[in-house]
Amino acid sequence: ASKMPSLLEALEQKYGEKETESEESDDSKEEDISISIFVPCKSPRALVPSLLVLNDCDITTAGEKDALVAKCSGVEELDLAKNKLNEWPEVFCILQQMPRLKFVNLSFNELSMPIVKIDLYWEQLRNLVLNSTYVKWESVQEMIDHLPRLEELHLSLNDYNHVHLWPEEEKCECQSDVKKEEDHDIRCFCPKFHYRGKHRHSNLRKLHFTGNPVTDWREVCKLGYAFPNLESLVLANCPIDSMNIDRPCDEKACRYGGFQRSESECESGSPRNSPHDAFRKLKVLNLNSTSLATWEDIEKLSKFPVLSCVRIQGCPLWESNEYTEHERRQLLIARLPNVETLNGGGKIGHDEREDAERAFIRYYMDKPESERPERYFELVSIHGKLDPLVNIDLRPEKRVKVLFTCGQNSEIRSVDVYRTVNDLKIRLEAFAGFSAYKMRLYYVDKDFRDIQGPEEMKYPHKQLYSYNISSGDEIIIDYKGRPSEKNPLNAVSQSI
């Protein structure tokens, strides 16, 4: 098996040849060009761009430090996704040679080993991507303590079913109970531990948490308390089944209750213990493909203080065929007066919102009062009680009675207006006495019989309703090429 390369070796393989090429080209040009332009020699570090991408290179180690410093001290964005890095000391050895780093992507490197010690602070780093690294919460704690200006953090696909951003939680007795029971579904949080005020990182604005098997909104709230200035949160493909944080006060719920709730508070819905209390600054929330299944959960989103952009598609709530896509959007818009953009697209305009709110009133107007949500009564107070829409069927009448005339013969028949002209010709062959291929049809509108002449029905695949055909109208059947019948007006006079 070939030896796994270091970062330095991967760098030299990708960028190392350019230096010799440039030197050779400079030597050859000196002999041919009469006017010399003197350019300062490039230092080796200029060979490595400020955006350094080394994906899928089987990198396991950093390599020789001094050589890395010479080449990489100007790197600002580093993408090392899909390598074989699995020890934090090697990762830090790489990062320490790049003091200007603003962005680091370590996704799909197995980094589940705990961090023992970090000696440096990365003052410039704004964006850290740790998707599918299976990094432990203790390591996340340590990392963010050394990233004072971190604004965006990606922790997707890390198999997290809980959030654990405070070392103090380890002191809870119930934590050890859970470990003894080896029951990962019951997550115990010390009832005396205060999450509020324990801010982990006040600069973080964006957090991506896609594809983690977290189900409980109380766990999600701990992210909000850890990052109090969070503006954007992506929870797509997380099986969150409810936005409730109040659970029935059974013995287990009170023993293992979330937040700082005491037993006496367990059944009381304190205003501060709300689904949105942890998200005072949140503007953007992605809940696509979660397990939310009730309108009550949707209505909780209207209480988030500054939430303006929501994505919520692919949830069980939409699995029934009770609503069309348009109706679903209207019911969402009417329930979320605070949301300005919904499932992408442009800003919700005043007219669309008013139409949605009126449609919402009419939707629940016919329901029993017990099924009407609180929002219904709020909107009735704004728009008043609306008259039900008159259901007008604008589709053409399916069958009409038409007078068919062929030479001296006339007959009134009932006709399906969704038939095509060609189909009608075939059905008229017995009456006319010749084949559809030899047949011409002319339409006569009874209301304009004296004003305009017959209209030839030329197009075989055109449906009859497109002629605005109605009962009492006439269709004249003519034989192609028959001299005496060439003018269908003769047939009109004969039929009158």
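Everything discussed here concerns the structure shown above.
Conventions adopted
Residue numbering note: each chain is counted from 1, following its sequence as written. Only residues with pLDDT of at least 70 are given local features in this predicted model, and only at 80 or more are side-chain atom pairs given and counted; all residues enter the totals for whole chains, interfaces and linings. Note: side-chain values were computed over all heavy atoms of the structure, leaving out hydrogens and water. Think of it this way: any DSSP run of H or I at least four residues long counts as a helix, any run of E at least two long counts as a strand, and we number them from the N terminus. Remark: exposure states derive from per-residue accessible area (1.4 Å probe, protein chains only) relative to the maximum for the residue type, with buried under 20%, exposed over 50%, and partly exposed in between. We call two residues in contact whenever any of their non-hydrogen atoms come within 4.5 Å of each other. Two strands are said to pair when DSSP picks up at least two bridges between them. Salt bridge, as used here: a side-chain nitrogen of Lys or Arg that lies within 4 Å of a carboxyl oxygen of Asp or Glu. Definition of a polar contact: a pair of N or O atoms within 3.5 Å, with one able to donate and the other able to accept a hydrogen when the atoms are protein atoms, and with sequence-neighbouring residues admitted only if both atoms are side-chain atoms. To obtain an axis, a line is fitted to C-alpha atoms, over the contacting stretch when the element is a helix, and the angle between two such axes runs from 0 to 180 degrees between their N-to-C directions. Should an angle fall under 35 degrees it is taken as roughly parallel, and over 145 as roughly antiparallel, whereas 65 to 115 is taken as roughly perpendicular and any remaining angle as oblique. Crossing handedness is read from the near helix: turned anticlockwise from the far helix by less than a right angle, it gives a left-handed crossing, and turned clockwise, a right-handed one. Under the scheme applied here, ten amino acids are nonpolar (Ala, Val, Leu, Ile, Met, Phe, Trp, Tyr, Cys and Pro), four are charged (Asp, Glu, Lys and Arg), and all others, including Gly, are polar. Of all possible arcs, the one meant is that of the directions from the helix axis to the C-beta atoms.

Student: An account of the overall build of the protein chain is needed here, citing residue identities and associated values.
Tutor: On a plain count of helices and strands, the protein chain comes out with 15 helices and 15 strands. Taken across its 496 residues, the protein chain has 44% of its residues classed as buried. Expressed as a percentage of contacts within the protein chain between residues at least 6 apart in sequence, the contacts between residues at least 24 apart total 73%.

Student: Give me the lowdown on the sheet that holds strand β5 (residues 152-154), citing residues and values where you can.
Tutor: Read from one edge of the open sheet, 10 strands run β1-β2-β3-β4-β5-β6-β7-β8-β9-β10, paired in parallel fashion. At either end of the open sheet lies a strand with only one pairing partner, and these are β1 (51-53) and β10 (341-342). Pairing of strand β2 (residues 77-79) with strand β3 (residues 103-105), which is carried by 3 bridges, proceeds in the parallel orientation. Pairing of L78 across the sheet is with V104, part of β3.

Student: Lay out the pattern of salt bridges with the relevant residues and their values.
Tutor: Counting across every chain of the model gives 20 salt bridges. A salt bridge links R126 to E151; the nearest nitrogen and oxygen atoms lie 3.7 Å apart. With R126 in the loop between β3 and β4 (127-129) and E151 in the loop between α5 (137-145) and β5, this residue pair connects regions lying 25 residues apart in the sequence. Residue classification places R126 among the partly exposed residues on the basis of a relative accessible area of 24%.

Student: Please provide a residue-by-residue account of the side chain of H154, values included.
Tutor: Here H154 is to be found in strand β5. Looking at H154, its side chain comes within polar contact range of the side chain of E152, at 2.9 Å. Leave out the neighbours within four places in its chain, and H154 touches N127, L128, V129, L130, N131 and H208.

Student: Could you give an account of the environment of R413, with specific residues and numbers?
Tutor: Along the polypeptide, R413 turns up in strand β12 (residues 409-416). Between the alpha carbons of R413 and K401 there is a distance of 5.5 Å; along the sequence they are 12 residues apart. In terms of polar contacts, R413 uses its side chain to reach the side chain of E411, at 2.8 Å.

Student: Describe in detail the packing of helix α11 (residues 350-365) against helix α12 (residues 374-383), supporting the description with residues and values.
Tutor: Direction vectors running N to C along α11 and α12 enclose 120°, while the axes themselves pass 10 Å from each other. One element, α11, and the other, α12, form an angle in the oblique class. As for how α11 packs across α12, the hand of that crossing is left-handed. Facing α11, whose interface residues are E354, E357, R358, F360, I361, Y364 and M365, α12 presents R375, Y376, L379, V380 and H383. By residue class, the composition of the contact of α11 with α12 is 7 nonpolar, 1 polar and 4 charged.

Student: Mind laying out the sheet that holds strand β14 (residues 455-456), listing which residues take part and the relevant values?
Tutor: The strand order across the open sheet built from 5 strands is β12-β11-β15-β13-β14, with neighbouring strands paired in mixed fashion. Two strands bound the open sheet, and with one partner strand each, they are β12 and β14. As defined by bridge partners, strand β13 (residues 439-444) adjoins strand β15 (residues 474-479) across 6 bridges and the pair is classed as antiparallel. Among the inter-strand pairings, M439 is bridged to a residue of β15, identified as Y479.

Student: Before we move on, can you summarise α12 with the specific residues and values?
Tutor: All of the buried residues in α12 are R375, Y376, L379, V380 and H383. Viewed along the axis of α12, the buried residues span an arc of 140°, placing them on a single side of the element. Summarising the geometry of α12, the exposed residues directed more than 90 degrees from the buried face are E374 and S381. Tucked inside the fold, the buried residues of α12 contact α10 (325-335) and α11. Phi turns positive, to about 80°, at G384, one or two residues after α12.

Student: Describe helix α1 (residues 7-15), naming the residues involved and giving the relevant values.
Tutor: When α1 is considered as a whole, its buried residues turn out to be L7, L8, A10, L11 and Y15. The buried side chains of α1 occupy one side of the element, clustering within an arc of 160° when seen end-on.

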